[in-house]
Amino acid sequence: MGPTAPGPAQRTRQHTECPRTYECRKTPSRKTVEDDSAMKKKERMPFTGTSLNPEIILLSEEQRLNVRFLTFPSQTGSIFSGQLHSETSLPPAPQSKLSIISNLTMPFVENQKRVGGRTREEGLSPRCRLPWQPVPSPAVKPYADVRLLGPKKEIGASGGGFARREDKGAVRRGPAGLSALRAVSVPRASPAPQRRSISGRLPRKVCLRDLPVVRMLRRVACWMQPSPACGCRAPVLPSRFLGTSPRQIPMDANFHSTSFLEADQQRVLITGGLGQLGVGLANFLRKRFGKDNVILSDIRKPPEHVFLSGPFIYSDILDYKNLREIVVNNRITWLFHYSALLSAVGEANVSLARAVNITGLHNVLDVAAEHGLRLFVPSTIGAFGPTSPRNPTPDLCIQRPRTIYGVSKVHAELMGEYYYYRYGLDFRCLRYPGIISADSQPGGGTTDYAVQIFHEAVKNGRFECNLKPDTRLPMMYIDDCLRATLEVMEAPAESLSMRTYNINAMSFTPAELAQEVLKHVPEFQVTYNVDPVRQAIADSWPMNFDDSNARKDWGWKHDIDLPELVTTMLNFHGSENRVAQAN
Ligand SMILES: NC(=O)C1=CN([C@@H]2O[C@H](COP(=O)(O)OP(=O)(O)OC[C@H]3O[C@@H](n4cnc5c(N)ncnc54)[C@H](O)[C@@H]3O)[C@@H](O)[C@H]2O)C=CC1
Ligand SMILES: CC(=O)[C@H](N)C(=O)O
């Protein structure tokens, strides 16, 4: 069986990304009648897990056209990939060897082939066998033609060999269905056949049950077991079992990113960081991760105090290569994607909003998936529409927003969740209410009035509101918003029953807010000059937000209610005003 014809994805692949990844191809040999019969009688075990290093485990499988592909890292940290096909089988090939650490039965390959004159199950301890059977699938063909992708040097100690052909490229992928298995991987700085454990000991004898791959495969087995009730397979695999990223970069790209050892020291990138929320987020995260580990980025020129407060970098979210370069050069591990056009400005410039909010999001998703980042994308109350329940609005309900902003945010929620299931992207998303901040200005949304009112109350004693007095919307003080954002990012994955959560703090109308301001500024006057665009948007948005899932799953709790909000905001603007007057 020759190599498959390149698909469109392959043709566009960047081949220069990772010099550690090579392609090697085996010369195929024919399966025999004996093979066939052994397989039918179940005398032959399926192909087994072959990852070598207990700290670097990746197993994945994809169906591309009629070819199945499985991948795993070698002991040297390079990616190996086997291409499985129904027609042919592996010949012995002398140049490369695989160490087979166990007979972990892969549920997606139904046949055990000979490798270098021995079958893969030979020499394996029975106690290592996993208690599960190959899962029959119509897409799975019983015999394999395996191509290996790997480095030119020897990588293992036993088993058969594979002729290798150097190639700068990596695994290609096609549009067909995926049922990949993947465990989280750890990057390696340099090839090292024997790597010390954290305790300093050399892991000469590894207990297979403790290997990530074994644990992972056990879980896969559970997922893949037919459910007793219906006899069907679980409809989806958990994200971490799923395959590779969608852009055409080498398969081992995410080996360059987070290591378990480094996990506590995050390197953070914030896109669109010069808006209402980004600078506050950067300051907040810098307290947690250190000043130099949080990079703000935007397409605007930062004010001096922001520029001097920590790393700032130019990044246009529409420039994918630039984004990738920043992530790679700065070894980013967490990405907060704040770039967006908000509801009102989005309606004023739909094509730009579509580009920034949708195309920009695609770039971010791909970079994050490729480099194993944890990705936070904020959504909004604006992701709901007039047909959603409005009082309260639950996490899961109909979402038919009527703004490009809302549509782009529903798209972001769905794409993020799709990437989570499809590629194992650690996507986390909160639907923010209108956010009220003292020291930063809103960027053109429908809830902006609730920020501007304080400034005007202190400065002029009056305010012209562009929403009707009885327009009720969910709101939150910025400190709560930023804390929620960090909390959901730090929440253990097991605690998250969803990837997108509503969060809320309070809900009020302009009239109620003005009433609260009046308690502090007795001469305060509000007039109403309704902006029909903003009003129509607000009328389609939730009045109250049900955030019970966030409270239940990861312990979300707001601190600031309306009275404290008003006091805090007026204090800030009052003292700012006094400073200005004194100057
Ligand atoms: N502020 C709020 O009340 C709420 C905000 N959110 C979300 O939070 C995120 C941050 O919101 P804000 O800071 O209020 O937004 P903002 O409008 O104040 O700031 C957005 C930033 O994105 C930048 N940007 C625009 N085009 C860009 C591009 N091509 N490349 C890179 N950056 C670009 C802008 O320069 C701006 O600094 C947004 O995604 C927004 O949808 C969600 C709900 C409420
Ligand atoms: C609630 C939001 O998403 C934003 N503040 C807007 O009004 O557009």
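Residues numbered from 1 in each chain as written. Chains lettered and ligands numbered in written order. Predicted model: local features only at pLDDT ≥ 70, side-chain atom pairs only at ≥ 80, totals over all residues. Heavy atoms only, no water.

Trainee: Is there a simple way to explain the overall build of the protein chain in this structure?
Mentor: For the protein chain, the helix and strand inventory stands at 15 helices and 19 strands. Taken across its 583 residues, the protein chain has 56% of its residues classed as buried. Put simply, 80% of the contacts in the protein chain that link residues at least 6 apart link residues at least 24 apart. Only carbon and sulfur atoms are counted for the fraction: they give 54% of the accessible area of the protein chain, which is about 24,700 Å². (Helix = DSSP H or I, 4+ residues; strand = E, 2+ residues; numbered from the N terminus. Buried < 20%, exposed > 50% of the residue type's maximum accessible area, 1.4 Å probe, protein only. Contact = heavy atoms within 4.5 Å. Areas by Shrake-Rupley, 256 points an atom, 1.4 Å probe, with all protein chains shown as cover.)

Trainee: Any chance you could explain the sheet that holds strand β16 (residues 473-477) here in plain terms?
Mentor: Through backbone hydrogen bonds, the strands of a sheet pair up, either in parallel or in antiparallel fashion. Spatially, three strands are ordered β14-β16-β18 in an open sheet, and the strand pairing comes out mixed. Strand pairing shows two members of the sheet lacking a second neighbour, β14 (434-436) and β18 (506-508), which therefore form its edges. Averaged over all neighbouring strand pairs, the angle between strand axes comes to 45°, with direction disregarded. Strand direction decides the pairing type here: β14 and β16, joined by three bridges, are parallel. Paired with G434 across the strands is M475, a residue of β16. Along the sheet face, helix α10 (residues 449-459) touches β14, β16 and β18 and points at about 25° away from the line of β14. Along the sheet, helix α15 (residues 562-582) makes contact with β14, β16 and β18, crossing β18 at roughly 80°. (Pairing = 2+ DSSP bridges. Axes fitted to C-alpha atoms, helices over the stretch in contact; angles between N-to-C directions.)

Trainee: Mind showing me how you'd approach the site of ligand 1 here?
Mentor: Residues in close proximity to ligand 1 total 26 residues, the closest being Q276, D298, R300, D316 and Y405. Y338 has a polar backbone atom sitting 3.3 Å from an oxygen atom of ligand 1. I435 is positioned such that a nitrogen or oxygen atom in its backbone is 2.9 Å from an oxygen atom of ligand 1. For the shell around ligand 1, the elements supplying multiple residues, two or more each, are β12 (374-380), α9 (404-423) and β14. (Near = heavy atom within 4 Å. Polar contact = N/O pair within 3.5 Å; in protein donor to acceptor, adjacent residues only side chain to side chain.)

Trainee: Is there a simple way to explain the site of ligand 2 in this structure?
Mentor: The local shell around ligand 2 consists of L342, S343, T380, I381, Y405, G434, G445, T446, T447 and W541. Taking S343, its side chain carries an N or O atom lying 2.5 Å from an oxygen atom of ligand 2. If ligand 2 stood free it would expose 250 Å²; the protein chains cover 94% of that surface. When the residues that make up the shell around ligand 2 are grouped by side-chain class, the tally is four nonpolar, six polar and no charged. (Nonpolar A, V, L, I, M, F, W, Y, C, P; charged D, E, K, R; others polar.)

Trainee: Before we go on, may I ask you to explain the packing of helix α6 (residues 320-329) against helix α8 (residues 350-370) in this structure?
Mentor: Running from N to C, α6 and α8 point in directions that differ by 35°, and their axes come no closer than 10 Å. Considering the relative orientation of α6 and α8, their crossing is right-handed. Residues Y320, L323, R324 and V327 of α6 form the contact with α8, whose participating residues are N363, V364, D366, V367 and E370. Taken together, the residues of the contact of α6 with α8 sort by class into five nonpolar, one polar and three charged. (Left-handed = near helix turned anticlockwise from the far one by under 90°.)

Trainee: What's the story with the sheet that holds strand β17 (residues 500-502) in this structure? I'm lost.
Mentor: Strand order across the open sheet formed by seven strands is β10-β9-β8-β11-β12-β13-β17, with parallel pairing between neighbours. Strands at the two margins of the open sheet, each flanked by one partner only, are β10 (312-314) and β17. The mean inter-strand angle of the sheet, taken between neighbouring strand axes irrespective of direction, is 20°. As judged from the three bridges shared by strand β13 (residues 426-432) and β17, these two strands associate in the parallel manner.

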